[in-house]
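For reference, the chains in residue letters:
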There are 2 protein chains.
Amino acid sequence: MPFTAIPEIGEFGLIDRIASLVASTLPAVPELLTGIGDDCAVFRPSAELLQVSTTDILAEQVHFDLLTTPLQHLGSKAISVNVSDICAMNALPRFALVSIAVPASFPVTMIEELYVGISHAAKEYGLAIAGGDTSSSRSGLVISVTMIGEVSPELITRRSGAQPGDLVCVTGSLGGAAAGLKLLMREKEIMLNHIENNEPYTKSVISDLNEYREAIQQQLLPLARIEIVRLFHAKHIQPSSMIDISDGLSSDLQHLCRHSNTGALIHENHIPIHAGTRRIADELQDDALTWALTGGEDYQLLFTISKERYQAIAENRGISVIGEMTDPESGVHLCDMYGMKIDMESIKGFDHFSS
Amino acid sequence: MPFTAIPEIGEFGLIDRIASLVASTLPAVPELLTGIGDDCAVFRPSAELLQVSTTDILAEQVHFDLLTTPLQHLGSKAISVNVSDICAMNALPRFALVSIAVPASFPVTMIEELYVGISHAAKEYGLAIAGGDTSSSRSGLVISVTMIGEVSPELITRRSGAQPGDLVCVTGSLGGAAAGLKLLMREKEIMLNHIENNEPYTKSVISDLNEYREAIQQQLLPLARIEIVRLFHAKHIQPSSMIDISDGLSSDLQHLCRHSNTGALIHENHIPIHAGTRRIADELQDDALTWALTGGEDYQLLFTISKERYQAIAENRGISVIGEMTDPESGVHLCDMYGMKIDMESIKGFDHFSS
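Each chain carries its own residue numbering, running from 1 in the direction its sequence is written. To label them, take the chains in the order written and letter them from A, then take the ligands in the order written and number them from 1. Two thresholds apply to this predicted model, a pLDDT of at least 70 for residue-level local features and 80 or more for giving and counting side-chain atom pairs, whereas whole-chain, interface and lining totals are computed over all residues.

## Digging into the overall build of chain A
Part 1: Helix numbers and strand numbers start at the N terminus; a helix is a DSSP run of H or I with at least 4 residues, a strand a run of E with at least 2. Within chain A, the regular secondary structure consists of 10 helices and 13 strands.
Part 2: Expected size for 355 residues packed as a compact globule is a radius of gyration near 20 Å; at 22 Å, chain A falls within 12% of this value.
Part 3: Taking the principal axes of its C-alpha atoms as reference, chain A extends roughly 65 × 60 × 35 Å.
Part 4: Here chain A holds 355 residues, and the buried ones make up 51% of them.
Part 5: The contact criterion used here is simple: two residues whose C-beta atoms, placed from the backbone, lie within 7 Å are in contact. Contacts in chain A between residues far apart in sequence, at least 24 positions, make up 87% of those at least 6 positions apart. Note that the radius of gyration is over C-alpha atoms, with the globule rule given as 2.2 Å times the number of residues to the power 0.38. Each residue is classified by how many other C-beta atoms fall within 10 Å of its C-beta atom, where C-beta atoms are placed from the backbone; a count of 20 or more means buried, 12 or fewer means exposed, and values in between mean partly exposed.

Structure below.
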């Protein structure tokens, strides 16, 4: 494949290539009447459903490092993190608008790789890529995705409906994305050190990352838990509150408690942490529980549900009960292995602007 | 007012400030059931209307230069350019999601200035700021706005409906935004030269920009032509095709012709150019017609309409008829002052990636 720089095909040439790469996402959403190519996308909303919308901006060197991130994975992740927010409302995604600001020096094939990942993920989730914007950038790749979903008013789930006594549940396992990130950062450092010292960076010094495949996949290619939302819809379950875990369990549980005006008590030994994540933590002399509490980017769903309603999903082995909502005066606490209560406010999640 | 850097108040502190600045935009849109503060915004769409959506990404040093752009104006412009796309579908804006990626070194007051401009513009257009995302940036300010609008199926206007014989109309006047940009770039160069040469940059060397107020305002603070859409709705007019002029008349007219499968013939002496724009062009030894054809960023509406329907708006002095759509074989031409036909394909509009 010959090298083509973006200026060779121009802005409109680039848009044409993008439009043809995402065309395969359109048949899944017949209510999308116009996609890329006009001033706006046109959608016929359902008369019975509420509409939910979310947006995430991903910046190079802040959210991703192109040295360790394949562009197809990055495209998929940009879609998944938005689907995860849609799922956190108990809604299903319908369409997305994708904007990129990209250095003019990027080869066209790299942009195409990105959109292959975007299209692939969109098809997996059943949503259409309806439009977007392309711009040059003086400073690295920036991806901004906005997504629209739909949900019936009886099922929509906010952060604010939890009651004391509700069970606190989490899907999947936590801490894996942080483990993957630490491994990728270690590998990058080894590589850069070898380059700096003019030492050969050969197969013998490269870790066999296959061993850590699961954790690295959770970092580079997280998947939103749309099948949990489908399960809720099938059983007509409206959790009392829900959020997706993007900042870490500690921070996101505190969000639910603040919005619902409750406290919470969760138990360390009920927090689902994959054995592989614990092994990586041991190897890196780090702490898997800290990763689960503050690492973020796991994109699992954290929700609360009354004990009665929980019975309908109790058999699902991918959902863990980790504690209970309490009255607001009790605060938000983690009960550790030794029965000690730790105030969750002392456990900080990710802050983009913290130093 | 004391200086506060973003890390002092943290990401959630920043989001709280933004939420309070945009709260005044919410009452105009009662169908927005949840704004900033949950995983998604929640909107109850109209059962009778179609929904249109658009997005624009603005990057520092590409779309704006903070040396010459007040942040309130930048915030307003980020909203207006999206409203302009909504208007180009003959739709009215309902709500927007606003994302920013911002260097952690930015003072909080600068972000507040930006959102004062965003809120002010949103209120002028009657739309709500429903959500967004905040991130740090390693490399300059990036603003991404996505906007949702509504329009009845009988009035929605695409690029593709024009017929040979339809009149080609444009609102307002063209070339002013390009004139304003050239002036601002001249002033910036004068300023930087004085600084480089250690010469005092005093009042005597600063041009009296008041003289050029109109052109500079068209560049820094363009306004979308929402009142034209309101006029169309009041008279129940659906133009046969429409686009907003963001790339320049030449490029945007060719878009209409390509999508509608027509040609067009427009007349130089009918293109509305403000006398002030011509004066600035003379002063800068530049060409006002070139600015009108290729300068872009005027955010006027370019539309086509049958001669019969045009009668209903013929009295509006803010709409100029500049030519007629023709059959596709005739191509897209400009007839100049001397009656010479110039192929519009030879007149290029703005391309983000052209060198």
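So, next bit.
## A few points about the relation of the copies chain B and chain A
Part 1: Expressed as a screw operation, the relation of chain B to chain A combines 0.0 Å of axial shift with a rotation of 180°, fitting to an RMSD of 0.0 Å. Accordingly, the operation relating the two chain copies is best matched by a two-fold axis. When C-alpha distances to the rotation axis are compared across chain B, the minimum falls at Ala-47 of chain B, with a value of 2.2 Å. C-alpha atoms of residues with pLDDT of at least 70 in both copies form the basis for the least-squares superposition of the copies.

## Digging into the pairing of strand β9 (residues 263–267) of chain B
Residue and element names in this part refer to chain B.
Part 1: Along β9, the buried face is formed by Ala-264 and Ile-266; none of Gly-263, Leu-265 and His-267, which line the opposite face, is buried.
Part 2: Pairing between strands is defined by DSSP: at least two bridges between them are needed. Of the pairings in the sheet, the one linking β9 to strand β11 (residues 319–326) comprises four bridges and is antiparallel in character. Its bridge partner lying in β11, Gly-263 is registered against Thr-326.
Part 3: With four bridges connecting them, β9 and strand β12 (residues 332–335) associate as parallel partners. What sits directly across from Leu-265, in β12, is His-333.

## Brief notes about the interface of chain B and chain A
Part 1: Opposite the 58 residues of chain B that make contact, chain A presents 58 residues.
Part 2: Among the elements that make up the side of chain B that touches chain A, the one with the highest residue count is strand β3 (residues 50–59) of chain B (nine residues).
Part 3: Bridging between strand β3 (residues 50–59) of chain A and strand β2 (residues 41–43) of chain B involves three bridges; their strand directions are antiparallel. Each bridged residue has a counterpart across the sheet, and for Gln-51 of chain A the counterpart in β2 of chain B is Phe-43 of chain B.

## Looking at the sheet that holds β3 of chain A
Part 1: Read from one edge of the open sheet, six strands run β5(A)-β4(A)-β6(A)-β3(A)-β2(B)-β1(B), paired in mixed fashion. Edge strands, defined here as strands with exactly one partner in the open sheet, are β5 (128–136) of chain A together with β1 (32–34) of chain B. Neighbour to neighbour, the strand axes of the sheet diverge by 20° on average, direction disregarded.
Part 2: Here β3 of chain A pairs with strand β6 (residues 142–151) of chain A via 10 bridges, running antiparallel. From the neighbouring strand, Ala-59 of chain A faces β6 of chain A, where its bridge partner is Val-142 of chain A.
Part 3: Packing of helix α2 (residues 71–87) of chain A onto the sheet brings it into contact with β3, β4 (92–102) and β6 of chain A, and relative to β6 of chain A it is tilted by some 35°. Axis definition: a line fitted to C-alpha atoms, limited for helices to the stretch in contact. Angles are taken between N-to-C directions and run from 0 to 180 degrees.

## A closer look at the sheet that holds strand β12 (residues 332–335) of chain A
All names here are of chain A.
Part 1: Taken in spatial order, the seven strands make up an open sheet running β8-β10-β7-β11-β9-β12-β13, and their pairing is mixed. What marks the edges here is a single partner per strand, and that holds for β8 (241–244) and β13 (341–343). This sheet shows a mean twist of 25° between the axes of neighbouring strands, independent of strand direction.

## Re the packing of helix α2 (residues 71–87) of chain B against helix α3 (residues 108–125) of chain B
Residues and elements named next belong to chain B.
Part 1: The geometry of α2 relative to α3 is characterised by a closest axis approach of 6 Å and an angle of 40° between their N-to-C directions. Considering the angle they form, α2 stands oblique to α3. Helix-helix and strand crossings are classified by hand; for α2 and α3 the assignment is right-handed. Contact residues: Leu-71, Gln-72, His-73, Leu-74, Gly-75, Ser-76, Ala-78, Ile-79, Ser-80 and Val-83 in α2; Met-110, Glu-113, Leu-114, Tyr-115, Val-116, Gly-117, Ile-118, His-120, Ala-121, Ala-122 and Tyr-125 in α3. For classification, angles of less than 35 degrees are called roughly parallel, those exceeding 145 degrees roughly antiparallel, those between 65 and 115 degrees roughly perpendicular, and all remaining angles oblique. Helix crossings are classified by the rotation of the near helix relative to the far one: an anticlockwise turn of less than a right angle makes the crossing left-handed, while a clockwise turn makes it right-handed.

## Quick word on helix α8 (residues 275–283) of chain A
Residue and element names in this part refer to chain A.
Part 1: Among all positions in α8, only Thr-277, Ile-280 and Ala-281 are buried. End-on, the buried residues of α8 take up no more than an arc of 100°, which puts them together on one face. Away from its buried face, by an angle of more than 90 degrees, α8 presents the exposed residues Ala-275 and Asp-282.
Part 2: Of the surrounding secondary structure, the elements contacted by the buried residues of α8 are α4 (176–196), α5 (213–220) and α9 (288–295).
Part 3: Taken from the residues just after α8, Gln-285 is the one with a positive phi, measuring 50°. Note: the arc covers the axis-to-C-beta directions of the helix.

## Looking at the nonpolar core
Generally speaking, a soluble globular protein has its nonpolar side chains buried in company with each other.
Part 1: Throughout this description, the term nonpolar core refers to a group of buried Ala, Val, Leu, Ile, Met, Phe, Trp, Tyr and Cys residues whose C-beta atoms join them within 7 Å. Judged by nonpolar contacts, the single largest core of 209 residues is most densely connected at Ala-96 and Ile-118 of chain A together with Ala-96 and Ile-118 of chain B.
Part 2: When sequence neighbours within four positions are dropped, the list of residues in contact with Ala-96 of chain A reads Ile-79, Asn-82, Ala-122, Leu-127, Ile-129, Ala-130, Val-145, Thr-146 and Met-147 of chain A.

## Notes on the domain arrangement of chain A
Residues and elements named next belong to chain A.
Part 1: Here the bounds of each domain stem from an automatic or database domain assignment. Segmentation of chain A into domains returns domain 1 (6–151) and domain 2 (167–346).
Part 2: Each of domain 1 and domain 2 has a C-alpha centre, and these two points are 26 Å apart.
Part 3: Contact with domain 1, which involves 16 residues of that partner, is made by 18 residues of domain 2.
Part 4: Top contributing element to the side of domain 1 that touches domain 2 by residue count: α2, with nine residues.
Part 5: Partitioned by chemical class, the residues of the side of domain 1 that touches domain 2 number seven nonpolar, seven polar and two charged. Amino acids outside the nonpolar list (Ala, Val, Leu, Ile, Met, Phe, Trp, Tyr, Cys, Pro) and the charged list (Asp, Glu, Lys, Arg) are all regarded as polar, and Gly is one of them.

## Quick notes on the pairing of strand β7 (residues 167–171) of chain B
All names here are of chain B.
Part 1: Across the five residues of β7, five count as buried, placing the element largely inside the fold.
Part 2: Burial along β7 is two-sided: Leu-167, Cys-169 and Thr-171 and Val-168 and Val-170, pointing in opposite directions, are all buried.
Part 3: As paired strands, β7 and strand β10 (residues 301–305) are joined by four bridges and run antiparallel to one another. Bridge pairing links Leu-167 to Ile-305 in β10.
Part 4: Looking at chain direction, β7 and β11 are connected through five bridges and run antiparallel. Within β11, the position partnered with Val-170 by the bridge is Ser-320.

## Brief notes about the environment of Thr-55 of chain A
Part 1: Tracing the backbone shows Thr-55 of chain A in strand β3.
Part 2: Overall, Thr-55 of chain A belongs to the buried group, with 27 C-beta atoms counted inside 10 Å.
Part 3: Excluding anything up to four places from it in sequence, Thr-55 of chain A contacts Ser-144, Val-145 and Thr-146 of chain A together with Leu-97, Ser-99, Gly-131, Gly-132, Asp-133 and Thr-146 of chain B.

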